[in-house]
Protein chains: 2
Amino acid sequence: MIKIAVIGFGNIGGGLVELMERNKTLIARDCGCEVDIKYIVDIRDFTGHPLEKKIVKDFNTVLGDPEVSVVAEMIGGSHPAFDFSIAALRAGKHVVTSNKEVVANFGEVLLKTAAENNVAYLFEAAVGGAIPIIRPLRESLSSDNILAVNGILNGTTNYILTSMVFSGKSFDEALSEARALGYAEADPSADVDGIDTCRKICILSALAYGTIYPSELVPTEGIRNITPRDVSDAAGFGASVKLIANTRKTSDGKIMISVAPRFVPAENPLYNVRDVFNGILVSGEAVGDLMFYGRGAGRIPTAGAVLADIVEIIKHMDSKQLPPPVWVRGGSETLADAASEKSRFYCRVKGRRVPDNIISGKHIYSDGETSFVTVETDLAELEKQLAGYEVTARYRFI
Amino acid sequence: MIKIAVIGFGNIGGGLVELMERNKTLIARDCGCEVDIKYIVDIRDFTGHPLEKKIVKDFNTVLGDPEVSVVAEMIGGSHPAFDFSIAALRAGKHVVTSNKEVVANFGEVLLKTAAENNVAYLFEAAVGGAIPIIRPLRESLSSDNILAVNGILNGTTNYILTSMVFSGKSFDEALSEARALGYAEADPSADVDGIDTCRKICILSALAYGTIYPSELVPTEGIRNITPRDVSDAAGFGASVKLIANTRKTSDGKIMISVAPRFVPAENPLYNVRDVFNGILVSGEAVGDLMFYGRGAGRIPTAGAVLADIVEIIKHMDSKQLPPPVWVRGGSETLADAASEKSRFYCRVKGRRVPDNIISGKHIYSDGETSFVTVETDLAELEKQLAGYEVTARYRFI
């Protein structure tokens, strides 16, 4: 019998408790033993709740109980999630989490502490919700050279963009709709300004390249400025607008990370990732392009990913856990300037005049503005060619 | 230092040898030790080959050498691949393979033998080429109830169907093109008649449900009869024609498996899987829909998947391998009749008259034939409604 503690009885924590009850038999078969939730830690009052007897307010109850071998940190935010997690690891308890903020901010410290204490720190649910992406990057792709990762990592923004395409809504209308459906928070800025996406790409980048960069160093642009004209032009150029997180290794060995809306052409597998779904496109030197697609959020899907981590830990409990990856914290000196990336650009300028030198294919004139797609170029060259034009929109192609 | 043997120095075996040389440093970092190919077994003559000194003709050399701990079976076909694999497992050597035929035909025996000898039998490359699908099904999804798996599992047929869509070619023209590009064999029947796809869905079904069914029991229809009219009608109904392998659990606890061309609507993530790519859509009760997408074949991509299996084995070598899944061989008594599946159908009949009772939406009249899409129904009801019509084409929707 393995005893675990769930810290935080909110949305995901509640989903985990529900799912572990529902799949009890499957879990016991997979783990080779029963798995029981001994404590649920939450500072709120749950008097009268059916699980009242398991609920405790003080995390120290868990910390001091040697019977608890796995802690599921389902709190969210940096503190006290970090403090509880590191204390649990130091006490020789395995920790699983769905908390991208704590992994992005303190991942290297938590992984090092896990390694020092011969326990696991797993976070499959922190990126891509239900999608198994952390484990494939750690295991299936670890002996390949990862050339790049491109991802649609935030369900809320992808829902809004999909709604703008298929219902012709403005950003504000689509955001209201997402709120009404419970897909967007009252304060949507972590989603629509790309902050959540940025944390997730920093984690994927660390898994691919071993270095975790602070989110603040990553150029991050959200989707607030996307207009119906951008969306309809994208369709006109055979593409769709998506909030794309990108990490890649440059030819001089630096890492380039960015979060921005991009035009995704129809032949790219991310093109058709709709609604609240996420898609993560990994380009490996040997394996080529791989895409992982699924529900990026949601109570039960995310809990399913947390549960997979718990089961993995228990399966390996009487032998040796795989050693945690070693991350170092990176600074701006090893980070390439995202503006130097060469790509095609979608541009829109006032008037009918266009910079013929850099245009590839047709242009679209409507409502006093002309839009076009450029050949592959860099930002410096683009800005040179656009001197003298009043630019109203500019997005990179993936 | 870990010593391995590669059995079969053909396309994939050669790719594995090349990739292991190229990624030597990454592999050593991941495994925590050097990994060396001690033998390459092939009955052909490689006099003068740079690796001549490693090449041996007799598999018994490998079997009798206690230094070899991992055997990569890259032969293909049932025999001697099965015989070599089981002998290696009995000798306490781990075995990895990309051979779907041997896994589909003898998987339960090989896994049992692996378990009895405390070694691993891994076959990530046998389904979906470079795509990590076996490991996610075994690990990330093992504690979820798998409702269904739908897959585009054969690159050759998907290339042919894509070419029919985008170049307007006939089946024969598209097949010739695929041959010229090296995507189709001189005898293409294993691909175009769905045999390869059938073996792969039997393996995925066993991973999802624990029972491996003989391919002969699975209704299997290839793509030889797909016409340009089918393809253009699919577009007219907002869908694309794909060779879809399906396995699911029915409400009475049986397993239903089928391989057939199906119409895939645009909102399904498999719709946009093009060319030689594969896509595998797994529907789990907790995690919802997940899709895994990537190169389903190719020398280096497939070798990359084999390498991931080798690295996994070596990482766990000084502790305990995860126990192999337990499969039982199933018979027709637990297999549901695939004809009883309810679905929408695409139908085409001679003339202008259509069975109004079962039609959903528009119909398309051209060249003396009328095509339409039905409401969800079963085959018995469909055939009743189509009595008196001359049916020229009939495919299920996914």
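Undergrad: Before we go on, may I ask you to explain the overall build of chain A in this structure?
TA: Each helix and strand counted, chain A has 13 helices and 17 strands in total. Relative to its 398 residues, chain A shows a buried fraction of 53%.

Undergrad: What is the right way to read the interface of chain B and chain A from this model?
TA: Frequently, the measure chosen for interface size is the accessible area removed from exposure when the parts meet. With 42 residues of chain B in contact, the opposing surface of chain A contributes 42 residues. Breaking the side of chain B that touches chain A down by element, the ones donating at least two residues are α2 (24-31), α6 (134-138), β12 (288-295) and α12 (299-315) of chain B. The residue inventory of the side of chain B that touches chain A, partitioned by class, reads 22 nonpolar, 10 polar and 10 charged. Two elements, strand β12 (residues 288-295) of chain A and β12(B), share 5 bridges in a ladder whose sense is antiparallel. Residue pairing in the sheet places G294(A) in a bridge with L290(B) of β12(B).

Undergrad: Explain the sheet that holds strand β1 (residues 2-7) of chain A to me, please; I cannot follow it from the model alone.
TA: Pairing between the strands of a sheet is mediated by backbone hydrogen bonds and can be parallel or antiparallel. Residue and element names in this part refer to chain A. Taking strand neighbours across the sheet as the criterion, the 6 strands line up as β3-β2-β1-β4-β5-β6 in an open arrangement whose pairing is parallel. The strands lining the two open edges of the sheet, one partner per strand, are β3 (55-56) and β6 (121-122). Pairing of strand β4 (residues 68-73) with strand β5 (residues 94-97), which is carried by 4 bridges, proceeds in the parallel orientation. Bridge pairing in β5 places V70 opposite H94.

Undergrad: How should I be thinking about the domain arrangement of chain A in this particular structure?
TA: Residues and elements named next belong to chain A. For chain A, the assigned domains are domain 1 (2-130 + 299-329), domain 2 (136-295) and domain 3 (342-397). Computed from C-alpha coordinates alone, the two centres of domain 2 and domain 3 are separated by 23 Å. Across the boundary between the two partners, domain 2 contributes 9 residues, which contact 8 residues of domain 3. Counting only elements with at least two residues in the side of domain 2 that touches domain 3, the list comes to α11 (228-236) and β10 (255-265). A per-element tally of the side of domain 2 that touches domain 3 places β10 first, with 5 residues.

Undergrad: Would you mind showing me how to read the sheet that holds strand β3 (residues 55-56) of chain B here?
TA: All names here are of chain B. Within the open sheet, the 6 strands sit side by side as β3-β2-β1-β4-β5-β6. Their pairing is parallel. Strand pairing shows two members of the sheet lacking a second neighbour, β3 and β6 (121-122), which therefore form its edges. Where strand β5 (residues 94-97) lies against β6, 2 bridges are found, and the strand directions are parallel. From the neighbouring strand, V95 faces β6, where its bridge partner is Y121.

Undergrad: Is there a simple way to explain the nonpolar core in this structure?
TA: The nonpolar side chains of a soluble globular protein tend to be buried with one another. Counting 252 residues, the largest nonpolar core has A72(A) and A72(B) as the members making the most contacts within it. If we ignore the near neighbours within four places in the chain, the residues touching A72(A) are I4(A), V6(A), I7(A), L16(A), V96(A), V306(A) and I310(A).

Undergrad: Is there a simple way to explain the confidence of the model for chain A in this structure?
TA: Model confidence for chain A is summarised by a mean pLDDT of 95, while 100% of its residues fall at 70 or above. Complex prediction metrics read pTM 0.94 and ipTM 0.92.

Undergrad: Looking at this model, I keep getting lost on the relation of the copies chain B and chain A. Mind explaining?
TA: Look at the two chain copies: a rotation about an axis and a shift along it is all it takes to match them. Expressed as a screw operation, the relation of chain B to chain A combines 0.0 Å of axial shift with a rotation of 180°, fitting to an RMSD of 0.0 Å. Seen this way, the second copy is the image of the first under a two-fold rotation axis. Both copies share a contact surface, since 98% of the interface residues of chain B are interface residues in chain A too.

Undergrad: Just to check I follow, could you spell out the pairing of strand β9 (residues 239-249) of chain B for this structure?
TA: Successive residues of a regular strand alternate their side chains across the two faces of the sheet. All names here are of chain B. Within β9, 10 of the 11 residues are buried, leaving the element largely enclosed by the surrounding structure. Alignment of strand β7 (residues 146-152) against β9, held across 4 bridges, turns out to be antiparallel. Bridge pairing in β9 links V149 to T247. Pairing geometry for β9 and strand β10 (residues 255-265), over 11 bridges, is antiparallel. Considered in β10, the bridge of K242 is made with R262. Count of turn residues in the β9/β10 antiparallel hairpin: 5 residues, of which G253 carries a positive phi of about 85°.

Undergrad: What exactly am I supposed to notice about unusual backbone geometry here?
TA: Excluding glycine, a negative phi dihedral is what most residues carry, and trans is how most peptide bonds are arranged. Residues and elements named next belong to chain A. Residue P80 is reached from H79 by a cis peptide bond, and omega for that bond is 5°. Mapped onto the elements, P80 comes out in the loop between β4 and α4 (81-90). A positive phi angle is found at D275, which is not glycine, with a value near 55°.

Undergrad: It is not clear to me how the packing of helix α2 (residues 24-31) of chain A against helix α12 (residues 299-315) of chain A should be interpreted in this structure. Could you clarify?
TA: A packed helix pair is summarised by two numbers, namely the angle formed by the two axes and the spacing between the axes. Residue and element names in this part refer to chain A. Two elements in contact, α2 and α12, have axes separated by 9 Å at closest approach and are oriented at 35°. On α12, the residues that touch I27, D30 and C31 of α2 are V311, I314 and K315. Across the contact of α2 with α12, the residue classes tally to 4 nonpolar, no polar and 2 charged.

Undergrad: Explain the packing of helix α7 (residues 155-167) of chain A against helix α8 (residues 171-180) of chain A to me, please; I cannot follow it from the model alone.
TA: Residue and element names in this part refer to chain A. At a minimum axis separation of 9 Å, α7 and α8 run at an interaxial angle of 125°. Between α7 and α8, the interaxial angle falls into the category oblique. In this structure, α7 meets α8 at a crossing whose hand is right-handed. Residue-level inspection shows T156, Y159, I160, S163 and M164 of α7 in contact with α8, the latter providing F171, A174, L175, E177 and A178. When its residues are assigned to classes, the contact of α7 with α8 shows 7 nonpolar, 2 polar and 1 charged.

Undergrad: Is there a simple way to explain the pairing of β12(A) in this structure?
TA: Residue and element names in this part refer to chain A. Most of β12 is tucked away, with 7 of its 8 residues classed as buried. Note that strand β11 (residues 277-284) and β12 share 8 bridges and pair antiparallel. Across the sheet, residue G279 finds its bridge partner in β12, namely Y293. The turn linking β11 back onto β12 is made up of 3 residues.

Undergrad: Any chance you could explain the environment of S189(A) here in plain terms?
TA: In this structure, S189(A) sits in helix α9 (residues 189-192). When the C-alpha positions of S189(A) and A120(A) are compared, they lie 32 Å apart, and in sequence the two are 69 residues distant.

Undergrad: Explain the environment of L141(B) here, please?
TA: The topology assignment puts L141(B) in the loop between α6 and β7. When the C-alpha positions of L141(B) and V103(B) are compared, they lie 20 Å apart, and in sequence the two are 38 residues distant.

Undergrad: What should I look at first to understand α8(A) in this one?
TA: Residues three or four positions apart in an α-helix share a direction because the helix packs 3.6 residues into each turn. Residue and element names in this part refer to chain A. The set of residues buried in α8 consists of F171, A174, L175 and A178. All buried residues of α8 project into a common sector of 100° when viewed along the axis, lining one side. Of the residues in α8, the exposed ones pointing more than 90 degrees away from the buried face are D172 and A180. Looking at the packing, one finds that the buried side of α8 touches α7 and α9. Count one or two residues on from α8 and you reach G182, which has phi positive near 80°.

Undergrad: When you look at the environment of Y39(B) in this model, what are you seeing that I'm missing?
TA: All names here are of chain B. Secondary-structure assignment places Y39 in strand β2 (residues 35-41). Given 21 C-beta atoms within 10 Å, Y39 falls into the buried group. Spatially, the C-alpha atom of Y39 lies 31 Å from that of L204, the residues being 165 residues apart in sequence. Those residues in contact with Y39, other than ones at most four positions away along the chain, are A5, K54, V56, T61, V62 and V68.

Cut-offs used in this document
- Residues numbered from 1 in each chain as written.
- Chains lettered and ligands numbered in written order.
- Predicted model: local features only at pLDDT ≥ 70, side-chain atom pairs only at ≥ 80, totals over all residues.
- Helix = DSSP H or I, 4+ residues; strand = E, 2+ residues; numbered from the N terminus.
- Buried ≥ 20, exposed ≤ 12 C-beta atoms within 10 Å, placed from the backbone.
- Contact = placed C-beta atoms within 7 Å.
- Nonpolar A, V, L, I, M, F, W, Y, C, P; charged D, E, K, R; others polar.
- Pairing = 2+ DSSP bridges.
- Domains from an automatic or database assignment.
- Core = buried A, V, L, I, M, F, W, Y, C linked by C-beta atoms within 7 Å.
- pLDDT = per-residue confidence, 0-100.
- Least-squares fit on C-alpha atoms with pLDDT ≥ 70 in both.
- Axes fitted to C-alpha atoms, helices over the stretch in contact; angles between N-to-C directions.
- Parallel < 35°, antiparallel > 145°, perpendicular 65-115°, else oblique.
- Left-handed = near helix turned anticlockwise from the far one by under 90°.
- Arc of directions from axis to C-beta.

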